[in-house]
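# A closer look at the structure
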Amino acid sequence: MFYSLASRPARNFQRPASSLVRSGTLDKFLSDTLGSLSDARPSQTATVEDGDKAYSLQLDVPGLGKEQLDIGIEGDVVRIASKADAARTVKAAWRFPLEIDAAASTAKLENGVLTLTLSKKIPVSNVATLPIQ
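In this report, we go over the structure that sits alongside the text. (Residues numbered from 1 in each chain as written. Predicted model: local features only at pLDDT ≥ 70, side-chain atom pairs only at ≥ 80, totals over all residues. Heavy atoms only, no water.)

## Quick word on the environment of Glu-74
Mapped onto the secondary structure, Glu-74 falls in strand 3 (residues 69-74). When the C-alpha positions of Glu-74 and Asp-101 are compared, they lie 9.4 Å apart, and in sequence the two are 27 residues distant. (Helix = DSSP H or I, 4+ residues; strand = E, 2+ residues; numbered from the N terminus.)

Structural data, given as structure tokens:
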């Protein structure tokens with residue numbers, strides 16, 4: 001049995017989408033997912049330097065202790081966020097050209113400045129040569 005697309009009733013997708021926009025759910029989703037990969041927000045001062053073997057990232061986080069911050073590294077993305085009980089909210093993420101070696105990286109908090117030394121994972125070629133017979 002064959003069905004024609006013309007014989008199917010049209011579906012109205014406007015109502016659910018418009019309710020998402022009106023409620024701000026879509027804005028929150030986009031802000032949380034896309035906004036987390038942008039540079040630090042203007043209220044935060046960050047400096048990123050590219051060294052030979054590591055990236056250096058400095059972020060001003062005055063009033064926060066080391067136990068109030070979470071640092072996550074996933075591939076080439078570094079995320080910094082304050083915990084729920086922190087005195088102020090910090091949420092920022094950076095994407096680097098190379099993956100980060102989390103085991104060789106360090107973090108230090110001194111005088112309200114968080115300094116990350118993020119070791120680069122140098123890509124290793126997995127190219128195998130195939131002899132011609």
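## Regarding unusual backbone geometry
Located in the positive-phi region is Asn-111, a residue other than glycine, with phi close to 55°. One can find Asn-111 in the loop between strand 6 (106-110) and strand 7 (113-119). Judged by its relative accessible area of 79%, Asn-111 is exposed. (Buried < 20%, exposed > 50% of the residue type's maximum accessible area, 1.4 Å probe, protein only.)

## A few points about the sheet that holds strand 2 (residues 54-60)
The four strands lie next to each other as 1-2-7-6, forming an open sheet whose pairing is antiparallel. Pairing within the sheet leaves two strands with one partner each, and these edge strands are strand 1 (46-50) and strand 6. Adjacent strand axes in the sheet meet at a mean angle of 10° when their direction is disregarded. Strand direction decides the pairing type here: strand 1 and strand 2, joined by five bridges, are antiparallel. In the strand pairing of strand 2, Glu-49 is matched with Ser-56. (Pairing = 2+ DSSP bridges. Axes fitted to C-alpha atoms, helices over the stretch in contact; angles between N-to-C directions.)

## Some words on the environment of Ala-103
Among the structural elements, Ala-103 can be located in the loop between strand 5 (91-95) and strand 6. On the accessibility criterion, Ala-103 (79% relative accessible area) is exposed. For the pair formed by Ala-103 and Leu-118, sequence separation is 15 residues and the distance between their alpha carbons is 9.4 Å.

Scope: geometric values only; no functional claims are made or implied.
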